[in-house]
Number of protein chains: 2
Amino acid sequence: MDLRDGGTDIPEANLSLAERLFLTLRGEIVEGRIPAGSKVSEPELARRFNASRGSLREALMRLESLGLLERRVNVGARVVELSERGLLELYDVREALEGMACRLAALERTEEDLVALRQMLSRHEQQEELQAGRAYFQPEGDFDFHFRIVQASGNDLLIDTLCNRLYYRVRMYRYQLGMASPRAKRAFREHSHIIEAIEAGDGKLAEILMRRHIRASRHNIEKKLR
Amino acid sequence: MDLRDGGTDIPEANLSLAERLFLTLRGEIVEGRIPAGSKVSEPELARRFNASRGSLREALMRLESLGLLERRVNVGARVVELSERGLLELYDVREALEGMACRLAALERTEEDLVALRQMLSRHEQQEELQAGRAYFQPEGDFDFHFRIVQASGNDLLIDTLCNRLYYRVRMYRYQLGMASPRAKRAFREHSHIIEAIEAGDGKLAEILMRRHIRASRHNIEKKLR
DNA sequence: CACCTTTAAATTGTCGACAATCTTGAGGTC
DNA sequence: GACCTCAAGATTGTCGACAATTTAAAGGTG
């Protein structure tokens, strides 16, 4: 693969080479093609993508700031290790941040936000009825839901922290520990109630429901892990 | 100034040059010596520190990932702009995250954490009595308080997000908009109550008190700003 | 005078090479 | 056999130079 001439499919052109490398590598790490905990060699990747080490280093540094890589001076970079503890920590942080996002969304949401949320919900409903018990609407559907609510909060710092930082770690855990939860039907009802609270402009309730939603998901994982 | 041979006072040696540049520049941005909103030129800074552009670029990218710099492809980097909106957004995120940190600290704190918190509190009490109404214990004292509670939460992701990411922005606002609040005496009482809740292991109360504490500070700022 | 075009200067992006540091494995010592 | 020493190899850190792009100013046109 050669990313130098925008000849690849995933990352659009007009970005810098370093940025395309960053996007490509991020995908491979999230999906586990570059395994968690493995060492990342600069010369090796540079050869693989026909890029210079400089551009590659820039990509690696962005991955580090995403929390997907750990770099140590004069030693090199490793893909972050996945652990039960790390996953649970992620849930606590999400509970706090998405709870706040939900409260703000209930207060700040525009009419377009509401339209989009309702459309998304009915789309998920159809999808869920179709797939009956198989409950595989989660991977994208659940993501959609949380993503859109955060966007509706209108707080750019919150949006950046969740959508550009934490969610890639969330996706990494989902891909690699395969968290296709069997909570689909129940999760859908919870989503539905949360959106109702946002429509009603009830920030306190919206926050409580979102926090409960995330905590239920966390408990579900905890049960599975033992 | 020449950072190449560790000859400077602030950043210790045995770090890479890029990291020393990062630490130095971070300080200058936080304290406003490099003004908010100003353009940052790579060749200029490289000359100033007798470093290559490569090492400097690495420092700039870390600053970008801290949210202190904004970089645009083929255009360059600017120091982030300070705005009323940005400050209020910061308070909302802190309310969510530090509230959670406080809850977790109440549940997870070690005996050493409690000793350190009590010591800190009595130190602040003495300091405050000394300085009577002048109320300047804030800049370091308030920082100490929030910092230590976050540490006691035991959640590494939370600690990293707050202490290595958001707090530099907080300090930047404090330095440059001079937020030496006149809430000193009241803030001290609030700190005291929060630590009591943590000692008692009452997570819910600790979270409520911390969120109220931060929101009060936010309201205080809002009042000042108009 | 406003506006577009063009050209030169400066800045950013990318690269390959050299120096400093770490890792690995062989060999020796107790 | 366990442990230390010390080289060879590989990897990371740093640098200066060239190419691509943007910015600015100069000049022309309506």
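Residues numbered from 1 in each chain as written. Chains lettered and ligands numbered in written order. Predicted model: local features only at pLDDT ≥ 70, side-chain atom pairs only at ≥ 80, totals over all residues. Heavy atoms only, no water.

An unreviewed UniProt entry lists chain A under the name D-xylose utilization operon transcriptional repressor, with Microbulbifer aestuariivivens as the source organism.

S.K.: Mind showing me how you'd approach the protein's contact with DNA strand C here?
M.R.: Within the structure, DNA strand C sits among 20 residues, and Leu17 and Ser52 of chain A together with Pro43, Arg53 and Arg57 of chain B are positioned closest to it. For DNA strand C, the backbone portion of the atoms within 4 Å of the protein, that is sugar and phosphate, comes to 66%. Between DNA strand C and Asn74 of chain A, the relevant distance is 3.4 Å, taken from a sugar or linking oxygen to a side-chain nitrogen or oxygen of the residue. In this structure, a phosphate oxygen belonging to DNA strand C sits 3.2 Å away from a side-chain N or O atom of Lys39 of chain B. (Near = heavy atom within 4 Å. Polar contact = N/O pair within 3.5 Å; in protein donor to acceptor, adjacent residues only side chain to side chain.)

S.K.: Which parts of the structure should I look at to understand the pattern of salt bridges?
M.R.: According to the stated counting rule, one finds 47 salt bridges over all chains in the structure shown. Here Arg218 of chain A makes a salt bridge to Glu222 of chain A, at a shortest N to O gap of 3.5 Å. In this pair, Arg218 of chain A and Glu222 of chain A are both assigned in helix 9 (residues 203-225), 4 residues apart and thus about one turn of the helix distant. Of the two residues, Arg218 of chain A and Glu222 of chain A, both sit in the buried class. The salt bridge involving Arg186 of chain B is made with Glu190 of chain B; its shortest N-O contact spans 3.3 Å. Taken as a pair, Arg186 of chain B and Glu190 of chain B lie in helix 8 (residues 184-199) at a separation of 4 residues, close to a single helical turn. Glu190 of chain B sits in the buried class, given a relative accessible area of 17%. Look at the salt bridges and you will find they share partners, linking Glu95, Arg103, Glu207, Arg211 and Arg215 of chain A together with Glu95, Arg103, Glu207, Arg211 and Arg215 of chain B into a network. (Salt bridge = Lys/Arg side-chain N within 4 Å of Asp/Glu carboxyl O. Helix = DSSP H or I, 4+ residues; strand = E, 2+ residues; numbered from the N terminus. Buried < 20%, exposed > 50% of the residue type's maximum accessible area, 1.4 Å probe, protein only.)

S.K.: Would you explain unusual backbone geometry in this entry?
M.R.: Excluding glycine, most residues fall at negative phi; most peptide bonds, likewise, are trans. Residue and element names in this part refer to chain A. Within the chain, Asn50 stands out as a residue other than glycine whose phi angle is a positive 55°. Counting through the fold element by element, Asn50 comes out in the loop between helix 2 (42-49) and helix 3 (53-65). Under the relative-accessibility criterion, Asn50 is labelled partly exposed at 41%.

S.K.: Whenever I open this one, the protein's contact with DNA strand D confuses me. Can you help?
M.R.: Among the 20 residues in the neighbourhood of DNA strand D, the closest are listed as Pro43, Arg53 and Arg57 of chain A together with Leu17 and Ser52 of chain B. Restricting the count to atoms of DNA strand D within 4 Å of the protein gives a sugar and phosphate share of 72%. Contacts to DNA strand D include Glu42 of chain A, whose backbone N or O atom sits 3.4 Å from a phosphate oxygen. Between a phosphate oxygen of DNA strand D and a main-chain N or O atom of Asn74 of chain A, the distance comes to 3.4 Å. Mapped by element, the contributors of at least two residues to the surface near DNA strand D are strand 1 (39-40), helix 2 and helix 3 of chain A together with helix 1 (17-30) of chain B. Looking at the surface near DNA strand D, its residues break down into 8 nonpolar, 6 polar and 6 charged. (Nonpolar A, V, L, I, M, F, W, Y, C, P; charged D, E, K, R; others polar.)

S.K.: Help me understand the packing of aromatic side chains in this model?
M.R.: All names here are of chain A. The final tally for this structure, using the stated rule, is 2 aromatic pairs over all chains. On the numbers, 5.2 Å between centres and 65° between planes, the contact of Phe143 with Tyr167 is edge-to-face. With a gap of 24 residues between them, Phe143 in helix 6 (residues 138-152) and Tyr167 in helix 7 (residues 156-177) connect regions that are remote in the sequence. For the pair Phe143 and Tyr167, a shared accessibility class is recorded, and that class is buried. (Phe/Tyr/Trp six-rings, centres within 6.5 Å; stacked < 30°, edge-to-face > 60°.)

S.K.: What exactly am I supposed to notice about the relation of the copies chain A and chain B here?
M.R.: Overlaying chain A on chain B yields an RMSD of 0.0 Å, the required transformation being a rotation through 180° with an accompanying axial translation of 0.0 Å. These values place the two chain copies in the arrangement generated by a two-fold rotation axis. Within chain A, Ala96 of chain A has its C-alpha nearest the rotation axis, a separation of 2.6 Å. Residue by residue, 100% of the interface of chain A is reproduced at the interface of chain B, so both copies engage with the same surface. (Least-squares fit on C-alpha atoms with pLDDT ≥ 70 in both. Contact = heavy atoms within 4.5 Å.)

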